[in-house]
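# Survey of secondary and tertiary structure
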Amino acid sequence: MAAYLCPPAVIHGEHAVKTSDIVAEVSDRHPHAAWAPRIDGIAAGTGIETRGWMLPLETAVAPGEGSGLRTVGIAPAQEALRRGGFTQQDVDRVITALETIPAPQTVQERTAPAWEAVQSYGERAARGALQAAGLDAADVDCLITSHSTTPALPGLDMALANRLPLRGDVMLLPATQWACIAGTRSLALAADLVAADPDRVVLVVISEALSTTYQPADDTLESLIVRLLFADTAVAAVVTGRRRPESLLRLDAAWHHTLPGTQDLHRLETRADGTHFVMDRRGPRAVQETVTAMWEWLRARYRDDPDSWHPDVLLAHPGGTRVLEYMEQTMPDAWPSGLLDHSRDSYTSGNRGGAAVFDILRRAHDAGQRKPGDRAVLYAAAPGLTATALEGQWL
């Protein structure tokens, strides 16, 4: 496989949103929700105190343009009231009252500013990654992009092709539905591309405004957890087929795994008020199944060296702390402790979805504890339910 990864650029959401602010907003809006008495414990259980968003919390909870009559219209509302036996004076009074009720944001009102931010953050990450690799936009032969939370056509690939700008003959590969797996699967694809042409330069850019799944009107427990978990991040990195002075990791092998019949466990649903991320409580157990399958892949890969081989760092995005704990519990006893330290550190400031693995990799790089020859495993699972892992060596 032998692909070479340069240091990733990571652009965090510039608006710090505290968990206490989210708890206050949700408690005020849904004081009688079934989970209301437990909200402080639920929030503390995430282990997240602050996360960065591309747009402020006020944007997510702001009312839409116009009044609550926007959908049905004033004339139909008046006619319905008259048919109900209201006098004209009562009709006028009711309509006046209804016009003071703000309308919820529409999908367009919620998504449009986030899409602008996704493009801007993606461009900043792309430029940072090129600089870290010692390359220019003109050197890029292929661009792989992912942004699952702001649907657009044309997408981030075309936006960056014009913003950077890229050459007219660059191969554009948008992968908008990879979600949490975008980090590892884009690297696996990039590695295949440079294996076919070692002179090829692949730029990977992932930009996610996960805060768009914050839906104020939704009073379900799952929606509360989504509000507390997600962070916005843009990341980018360059993959080459030949080692460069800037290369930090050699990617040697990739593994993919999909569980049949699990496509309903995690999903995005587009409703009248925007995008909702729906979670099923069976999800963590399904993710654990992919972890078990990954251990089997590594065991088979190193069957001739089972006692002495182990990763020196595990860069894992399993979606939550429960699966991180499961990974630690199911590791071989001989493996050293602390393999998931950087993964845990990243998670304390939010679930970054597809950008997470690049963020974890950047933290491992910045810590300065890795030495040439250290072995790394990168892992992520995503809605589907599907997982991709890579194994490589620090340079």
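Right, let's walk through the structure included here.

### Structural notes on the layout of surface pockets
Of the pockets and cavities examined, the largest pocket occupies roughly 750 Å³. In terms of lining residues, the largest pocket is bounded by 29 residues, among which Ile225, Leu229, Met279, Pro284 and Gly319 are the most central. Contributions of two or more residues to the lining of the largest pocket are made by helix H2 (39-46), helix H9 (221-229), strand E11 (274-279), helix H10 (283-301), helix H11 (321-330) and strand E13 (375-382). Of all the elements, H9 adds the most residues to the lining of the largest pocket, at 4 residues. The space that makes up the second largest pocket amounts to roughly 430 Å³. Those elements giving two or more residues to the lining of the second largest pocket turn out to be strand E10 (266-271) and E11. At 3 residues, the largest contribution of residues to the lining of the second largest pocket is made by E10. Within the lining of the second largest pocket, the residues separate by chemical class into 9 nonpolar, 9 polar and 2 charged.

### Section: helix H8 (residues 182-196)
The end-to-end C-alpha separation of H8 is 21 Å, in line with the 21 Å expected for 15 residues at 1.5 Å each. The element H8 is largely enclosed, with a buried count of 11 among its 15 residues. Ala182, Gly183, Thr184, Arg185, Ser186, Leu187, Ala188, Ala190, Ala191, Leu193 and Val194 are the residues of H8 that are buried.

### Looking at the packing of aromatic side chains
Overall, the coordinates contain 6 aromatic pairs when judged by the stated rule. With a centroid separation of 5.4 Å and 90° between ring planes, the pair formed by Trp295 and Trp335 is classed as edge-to-face. Of this pair, Trp295 sits in helix H10 while Trp335 sits in the loop between H11 and helix H12 (341-347), and the two are 40 residues apart along the sequence. According to the relative accessible area criterion, Trp295 is buried, its value standing at 6%. Pairing Trp309 with Trp335 gives two aromatic rings, centres 6.0 Å apart and planes at 75°, and the pair type is edge-to-face. Taken together, the positions of Trp309 in the loop between H10 and strand E12 (313-317) and Trp335 in the loop between H11 and H12 put the pair 26 residues apart, joining distant regions of the chain. Residue Trp309 is classed as buried on the basis of its relative accessible area, which comes to 5%. An aromatic cluster is defined as three or more aromatic residues linked by ring pairs; in this entry it consists of Trp295, Tyr302, Trp309 and Trp335. The cationic tip of Arg124 hangs over the ring face of Tyr121; the distance from NZ or CZ to the ring centre is 5.0 Å. Cation over ring: Arg227 sits above Tyr214, and NZ or CZ is 5.1 Å from the ring centre.

### Notes on unusual backbone geometry
Omega for the peptide link from Leu153 to Pro154 comes to 0°, which places this bond in the cis form. Put simply, Leu164 and Pro165 share a cis peptide bond, and its omega is -15°. If you trace the backbone, Pro165 turns up in the loop between helix H7 (156-163) and strand E6 (171-174). The residue Ala179 is not glycine, and still its phi comes out positive at about 55°. Structurally, Ala179 can be placed in the loop between E6 and H8. Since its relative accessible area comes to 17%, Ala179 is described here as buried.

### Some thoughts on the packing of helix H1 (residues 19-29) against H2
Here H1 crosses H2 at 150°, and the two axes come no closer than 11 Å. Relative to H2, the element H1 is oriented roughly antiparallel. Seen from above, H1 lies across H2 with right-handed handedness. In this structure, H1 uses Thr19, Val23, Val26 and Ser27 to contact H2, whose residues at the interface are Ile39, Asp40 and Ala43. Residues of the contact of H1 with H2, tallied by class, amount to 4 nonpolar, 2 polar and 1 charged.

### Overview of the pattern of salt bridges
All chains considered together, the criterion is met by 24 salt bridges. One salt bridge connects Arg363 with Asp345, and the closest N-O pair in it is separated by 2.8 Å. Taken together, the residues Arg363 in helix H13 (residues 356-367) and Asp345 in helix H12 connect sequence positions 18 residues apart. With a relative accessible area of 38%, Asp345 lands in the partly exposed category. Arg362 is the partner of Asp366 in a salt bridge, and the nearest nitrogen-oxygen pair spans 3.1 Å. You can see Asp366 and its partner Arg362 sitting in helix H13, 4 residues apart, about one turn around the helix. Judged by its relative accessible area of 52%, Asp366 falls in the exposed class. The class for Arg362 is partly exposed, based on a relative accessible area of 24%. Through salt bridges with shared partners, one network takes in Asp218, Arg267, Glu269 and Arg271.

Parameters at a glance
- Residues numbered from 1 in each chain as written.
- Predicted model: local features only at pLDDT ≥ 70, side-chain atom pairs only at ≥ 80, totals over all residues.
- Heavy atoms only, no water.
- 1 Å grid on protein atoms, 1.4 Å probe; cavity = no way out; pocket = protein on both sides within 12 Å on 5 of 7 lines; lining within 4 Å.
- Points joined across faces, edges and corners; volume = space filled by probe spheres on them.
- Helix = DSSP H or I, 4+ residues; strand = E, 2+ residues; numbered from the N terminus.
- Nonpolar A, V, L, I, M, F, W, Y, C, P; charged D, E, K, R; others polar.
- Expected span 1.5 Å × (residues − 1).
- Buried < 20%, exposed > 50% of the residue type's maximum accessible area, 1.4 Å probe, protein only.
- Phe/Tyr/Trp six-rings, centres within 6.5 Å; stacked < 30°, edge-to-face > 60°.
- Lys NZ or Arg CZ within 6 Å of the ring centre and 35° of its normal.
- Axes fitted to C-alpha atoms, helices over the stretch in contact; angles between N-to-C directions.
- Parallel < 35°, antiparallel > 145°, perpendicular 65-115°, else oblique.
- Left-handed = near helix turned anticlockwise from the far one by under 90°.
- Contact = heavy atoms within 4.5 Å.
- Salt bridge = Lys/Arg side-chain N within 4 Å of Asp/Glu carboxyl O.

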